[in-house]
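In case you want the letters, here they are:
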Amino acid sequence: RVMRDLTGISTLESRLKSEMGIARVVVVPGDSDVSPWVKNELGNACATSMKHRLSSDNIIAVTGGTTMAAVAETLTPEFGEKNLLFVPARGGLGEDVNNQANTVCAIMADKTNSRHRVFYVPDQVSSEIYESFIKEPLIYEVLGLIKSASMVLHGIGDAITMAERRSTSPEDMEKIIRRNAVGEAFGYYFNEAGEIVHKVLTIGLQLDDLTEVDTIIAVAGGASKAKAIRAYMKQAPRSTILITDEGAAKNLVQGF
Ligand code: F6P
């Protein structure tokens, strides 16, 4: 505690919590843009928050990304003493297989000796495919589990970085740039005011569903994500817990 106060981390945490109006902010030392090991610290901090929030039965919906993959690596069998079921929050969203929510859930289940469900649906679907897909019994069943999640763990990304990392069509790319998107979470792109300027149509958790979720933990760090985090937090449910690093936090406070 003393060490943390000397480095000003507690001050950063309380300042961010009140500026963003969310439930809790945890800041780990360092900047994950510069030092890759900081992502493991984000993972550890997320695991600690999870531990405090688990009940006897938990459906945990998880998004993809390298930060969520780092969270998965920090989980231990001790978590599995509670009843856990990991489900991908949404369809793949065009991510590399290592960063896909399906993969992250499989690792989380493995590390905690728990169960997981896969959700193999196309990344970006047309409205016709969407309508017929959700009538498929297997998809319908997993969708039901996703919608009844008691905990959601998710990443936040820089809009352009994410649009480039996914197979975004030139038209959508143009729209994302023209509408000044700065942040992305759950397939939604946000401008600096926190308005949704583009949405990837995929099957799974939608932003509105978050109001039903008891525990929401957002994990995102690195100075380059400050704008994205600020934008998304304007939309985020007030119950959100943000796990971030000093790199992002220092940039974030400058904007308030
Ligand atoms: O694509 C899934 C996702 O969680 C996005 O919603 C988010 O922007 C991104 O991954 C974060 O990825 P990373 O942790 O690798 O920066």
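Residues numbered from 1 in each chain as written. Predicted model: local features only at pLDDT ≥ 70, side-chain atom pairs only at ≥ 80, totals over all residues. Heavy atoms only, no water.

(A) Geometry of the overall build of the protein. Across its full length, the protein holds 11 helices and 11 strands. Here the protein has a C-alpha radius of gyration of 17 Å; the compact-globule value for 256 residues is 18 Å, and the two agree. Counting only C-alpha atoms, the protein reaches 55 × 50 × 30 Å along its principal axes. Here the protein, with 256 residues, has 54% of them falling under the buried criterion. When contacts within the protein are restricted to residue pairs at least 6 apart in sequence, those whose partners lie at least 24 apart make up 73%. (Helix = DSSP H or I, 4+ residues; strand = E, 2+ residues; numbered from the N terminus. Rg over C-alpha atoms; globule rule 2.2 N^0.38 Å. Buried < 20%, exposed > 50% of the residue type's maximum accessible area, 1.4 Å probe, protein only. Contact = heavy atoms within 4.5 Å.)

(B) Representation of the pairing of strand β8 (residues 188-191) within the structure. Of the two faces of β8, both are covered, the one formed by Y188 and F190 as well as the one formed by Y189 and N191. Direction of pairing for strand β7 (residues 181-185) relative to β8: antiparallel, over a ladder of four bridges. From the neighbouring strand, A181 faces β8, where its bridge partner is N191. Taking the residues between adjacent antiparallel strands as the criterion, β7 and β8 are bridged by two residues, where F186 takes a positive phi near 55°. Examined bridge by bridge, β8 and strand β9 (residues 196-199) share three bridges and lie antiparallel to one another. Paired with Y189 across the strands is H198, a residue of β9. (Pairing = 2+ DSSP bridges.)

(C) Region of the structure containing the sheet that holds strand β6 (residues 157-158). Taken together, four strands build an open sheet; the order of strands is β6-β7-β8-β9 and the sheet is antiparallel. The sheet is open, and its two edges are formed by β6 and β9, each paired on a single side. The strands touched by helix α10 (residues 226-233) are β6, β7 and β8; relative to β7, the strand with the most contacts, the crossing angle is about 70°. (Axes fitted to C-alpha atoms, helices over the stretch in contact; angles between N-to-C directions.)

(D) Geometry of the nonpolar core. Membership of the largest hydrophobic core comes to 49 residues, with the highest contact counts inside it found for F186, Y232 and M233. Top element by residues in this core is α10. It accounts for six residues. Look past the residues within four positions of F186 in its chain and what remains in contact with it is T63, R90, V152, H154, L205, L207, L210 and Y232. Counting 29 residues, the second-largest nonpolar core is a separate cluster that includes V26, V71, F79 and F86. (Core = buried A, V, L, I, M, F, W, Y, C linked by side-chain atoms within 4.5 Å.)

(E) Representation of the packing of aromatic side chains in the model. All told, the structure shown has two aromatic pairs when counted by the stated rule. Ring geometry for F186 versus Y232: centroids 6.4 Å apart, planes at 55°, classification tilted. Here F186 is found in the loop between β7 and β8, whereas its partner Y232 is found in helix α10, with 46 residues between them in sequence. The two residues F186 and Y232 agree in class, both being buried. Consider the rings of F190 and Y232, whose centres lie 5.5 Å apart with planes at 65°: the pair is edge-to-face. Of this pair, F190 sits in strand β8 while Y232 sits in helix α10; the two residues are 42 residues apart in sequence, bridging distant segments of the chain. Residue classification places F190 among the buried positions, given a relative accessible area of 0%. (Phe/Tyr/Trp six-rings, centres within 6.5 Å; stacked < 30°, edge-to-face > 60°.)

(F) Summary view of helix α11 (residues 246-254). Burial in α11 covers these residues: E246, G247, A248, A249, L252 and V253. Buried positions along α11 lie against α2 (9-20), β1 (24-28), α10 and β11 (241-245).

(G) Focus on the environment of S148. Relative to the helices and strands, S148 is located in the loop between α7 (137-147) and β5 (151-155). Linking S148 and A236, residues 88 residues apart in sequence, is a C-alpha distance of 18 Å. Within the structure, S148 has its side chain in polar contact with the backbone oxygen of G144 (distance 3.0 Å). (Polar contact = N/O pair within 3.5 Å; in protein donor to acceptor, adjacent residues only side chain to side chain.)

(H) How the structure looks around the sheet that holds strand β4 (residues 115-116). Sheet architecture is open: seven strands sit in the order β1-β11-β10-β5-β2-β3-β4, paired in parallel fashion. At either end of the open sheet lies a strand with only one pairing partner, and these are β1 and β4. The pairing of strand β10 (residues 215-219) with β11 spans three bridges and is classified as parallel. Looking at the pairing, V219 lines up with I243 of β11. With respect to the sheet, helix α3 (residues 38-53) is in contact with β1, β2 (57-62), β5, β10 and β11, its orientation differing from that of β11 by roughly 160°.

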